[in-house]
Amino acid sequence: MGGQITRNSIYDSLNAPFPATSHRCHHKPKRCLPIQPCAGLSSVPLLFHPSTKGSQIVMDMSQRTVKRQASFCNAITFSNRPIAVYEQVRLKITKKQCCWSGALRLGFTCKDPSRINPDTLPKYACPDLVSQSGFWAKALPEELSNEGNVISFWVDKKGRVFYRINDSSSMLFFSGVHVSEPLWALIDVYGLTRGVQLLDSEMVPLDCLRPRSFAAAHQASIQRNGDDPRLSISLCDLSLQHSNSCHVPQNSQNSQQCSLLPSHLDTDLHFHSMHGIHVTVLDKHTVARLDHRGDERTLVFTSRPMRCSETVFIKVKAGVTRPGSLSYGVTSCDPATLRPSDLPSNPESLVDRKEFWAACRLAVPLHSGDILGFVVNSDGEVMMSHNGISAGMQLCVDNSRPLWMFYGLHGTITQLRILGSSLHPDLRGPSVPGSPSCTPNTPTMLCSGNSEPNLSTPLNINLNSSTTPSSPFSSHPESPTFPSCSWSDECTICYENVVDTVLYACGHMCLCYACGLKLKKMANACCPICRRTIKDIIKTYRST
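By the naming in an unreviewed UniProt entry, the protein goes by E3 ubiquitin-protein ligase NEURL1 and is assigned to Seriola lalandi dorsalis. In its Pathway (unreviewed entry) section, the UniProt record describing the protein reads: "Protein modification; protein ubiquitination." Looking at the protein in UniProt, the text filed under Subunit (unreviewed entry) is "Interacts with CPEB3 (via N-terminal domain); the interaction increases CPEB3 ubiquitination. Interacts with DLL1."

Draft legend 1. Geometry of helix α5 (residues 513-521). By the burial criterion, the buried members of α5 are Cys-515, Gly-516 and Leu-519. On an axial view of α5, the arc spanned by its buried residues comes to 105°, and they lie on one face. Exposed residues on α5 whose side chains face more than 90 degrees from its buried face are Lys-518 and Lys-521. Those residues of α5 hidden inside the fold are in contact with β30 (536-539).

Draft legend 2. Here's a closer look at the sheet that holds strand β5 (residues 105-109). Sheet architecture is open: four strands sit in the order β3-β10-β5-β6, paired in antiparallel fashion. Whereas interior strands pair on both sides, the edge strands pair on one side only; in this sheet they are β3 (76-78) and β6 (135-139). The average undirected angle you get between the axes of adjacent strands in this sheet is 20°. Bridge count for β5 against strand β10 (residues 184-188) is five bridges, and the pairing is antiparallel.

Draft legend 3. Representation of the pattern of salt bridges in the model. In this structure the tally under the stated criterion is 13 salt bridges. Close ionic contact of Arg-417 with Asp-283 constitutes a salt bridge, the shortest N to O distance being 3.6 Å. Linking Arg-417 in strand β26 (residues 413-423) with Asp-283 in strand β16 (residues 279-283), this pair joins segments that are 134 residues apart in sequence. With relative accessibility at 4%, the residue Arg-417 sits in the buried group. A relative accessible area of 27% means that Asp-283 is categorised as partly exposed.

Draft legend 4. Highlighting the sheet that holds strand β15 (residues 271-275). Spatially, the five strands line up as an open sheet ordered β15-β18-β25-β20-β21, and their pairing is antiparallel. At either end of the open sheet lies a strand with only one pairing partner, and these are β15 and β21 (357-361). In this sheet, neighbouring strand axes are inclined to one another by 25° on average, regardless of whether the strands run parallel or antiparallel. The pairing of strand β20 (residues 325-331) with strand β25 (residues 404-410) spans seven bridges and is classified as antiparallel. In the strand pairing of β25, Val-330 is matched with Met-405.

Draft legend 5. Highlighting the nonpolar core. Formed by 48 residues in total, the largest nonpolar core has its most connected members in Val-312, Ile-314, Phe-374, Val-397, Tyr-407 and Leu-416. Of the residues forming this core, the biggest block, four residues, is contributed by strand β19 (residues 310-318). Two domains each provide a minimum of three residues to this core, namely domain 2 (279-423) and domain 3 (486-543). If near-sequence neighbours (up to four positions away) are discounted, Val-312 is found in contact with Leu-269, Met-306, Leu-372, Gly-373, Phe-374, Met-405, Tyr-407, Ile-418, Gly-420 and Ser-421. In this structure, Leu-140, Met-171, Phe-173 and Phe-174 belong to the second largest nonpolar core, which totals 33 residues.

Draft legend 6. How the structure looks around the packing of aromatic side chains. Within the structure shown, the criterion is met by 12 aromatic pairs. Ring plane angle 25° and centroid distance 6.1 Å describe the contact between Trp-154 and Phe-162, whose orientation is recorded as stacked. When sorted by exposure, Trp-154 lands in the same class as Phe-162, which is buried. Through successive ring pairs, a cluster of aromatic residues spans Phe-72, Tyr-124 and Tyr-190.

What counts, and at which threshold
- Residues numbered from 1 in each chain as written.
- Predicted model: local features only at pLDDT ≥ 70, side-chain atom pairs only at ≥ 80, totals over all residues.
- Heavy atoms only, no water.
- UniProt positions renumbered as here; feature names shortened; annotations may be inferred.
- Buried < 20%, exposed > 50% of the residue type's maximum accessible area, 1.4 Å probe, protein only.
- Helix = DSSP H or I, 4+ residues; strand = E, 2+ residues; numbered from the N terminus.
- Arc of directions from axis to C-beta.
- Contact = heavy atoms within 4.5 Å.
- Pairing = 2+ DSSP bridges.
- Axes fitted to C-alpha atoms, helices over the stretch in contact; angles between N-to-C directions.
- Salt bridge = Lys/Arg side-chain N within 4 Å of Asp/Glu carboxyl O.
- Core = buried A, V, L, I, M, F, W, Y, C linked by side-chain atoms within 4.5 Å.
- Domains from an automatic or database assignment.
- Phe/Tyr/Trp six-rings, centres within 6.5 Å; stacked < 30°, edge-to-face > 60°.

Okay, structure coming up:
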């Protein structure tokens, strides 16, 4: 009988035995895997494993707090004991370091950490460790990895892993975990996340035993919203089919939206034909997300690279139940060279590819009709506006090469439309689409924390003493001048020595010379800020 709820199903959802009755059962009992009841927590406190940990992990005496001392990887940790089914592993993020990409990786393993040689641990839980048998993990979205957030994650009797942030609703994380064996928690303190603290574990409350996934919420919103599948287009964002530009009309119906857009929009920019498998193209300016349960591959790209200081305006359509979310970023990879199978559900995993990728996720919720503007300026800063209000710099990227923008549709976002693009009035003029986005006058520097650049005190760099013949600076008769940042000038790897090294070819200054030499000798060495390949390091000297 469809939809009927019995006492068996209720007790099964609670993972508790069915109470005995006066009736006798003459059927053979089913052989089931032993499941620890919800009410039983281990008497052993949940701590970090004392010895099996990454080379960059520093642990306090209580074994409850760990910190990554340098770099952005080599920080895999485990729990000291197995985790029970429905037992919440609760973590508090104690330290965030904003100069990296990616965030905490969470999961489980059926391998006893006490039998793992710490020297054999790879740099990354994803994809290195999860490619081995008996390890399951996934990256937490960057926007959820703020300091002070409490992340709880657990596995149910079907091998599904769920997580929740603070007191929010639980969400399906991933599945396929083997619960027939003891499971230890796996925590990779990666990227943006630099320090975490283990809190006391708890059993999952009853209201979290039936969590709703994003797909379920999206399906419910579709059933309640039977409007036209195409994005509703007002006169304000109509594009002319036979023209590369359009004038935005002003009238009472569109006055609110028109105030968010410039009077002139170029419409030659549209979506690329290469996109994720769970996206369909309605027209060249509009894409829609297909209804799909599970991981959704919804990446879409612009048809050409962005021009220097060109602002692209996009409009979103979302479900009525709750706001949606959007991933965005830039890449030097031509979408025409990709295949749909190359596009993952999580854009953050693309940063490990050989091309330049920089990804971010919108921190504010999006509602249907919201308009976003994105621009890469001459300093390599990706700036964003939301409904005409500037949100400031979102990313700092290498703009010495052509950069395509990409977007990922999440949550209740159902459609995305490119309204057009607009160049800064002072920068209008001929531009070759295949040319680099911008050519910065000086290398871009990214200041960490909330410090502001101090442009009044120049930093003179003498490159003559240690410049190699292959260095691009050797032909310059004068030393370039960089703005200094009031960020205490600490090396981002050792946090002890003063920054005195320029990385070639990106130009970032974030390391001391000793750490720069060590980093250069590593395989696939890349800049800690922009992840561009390190070709050379140049020691610098401050003028007194």
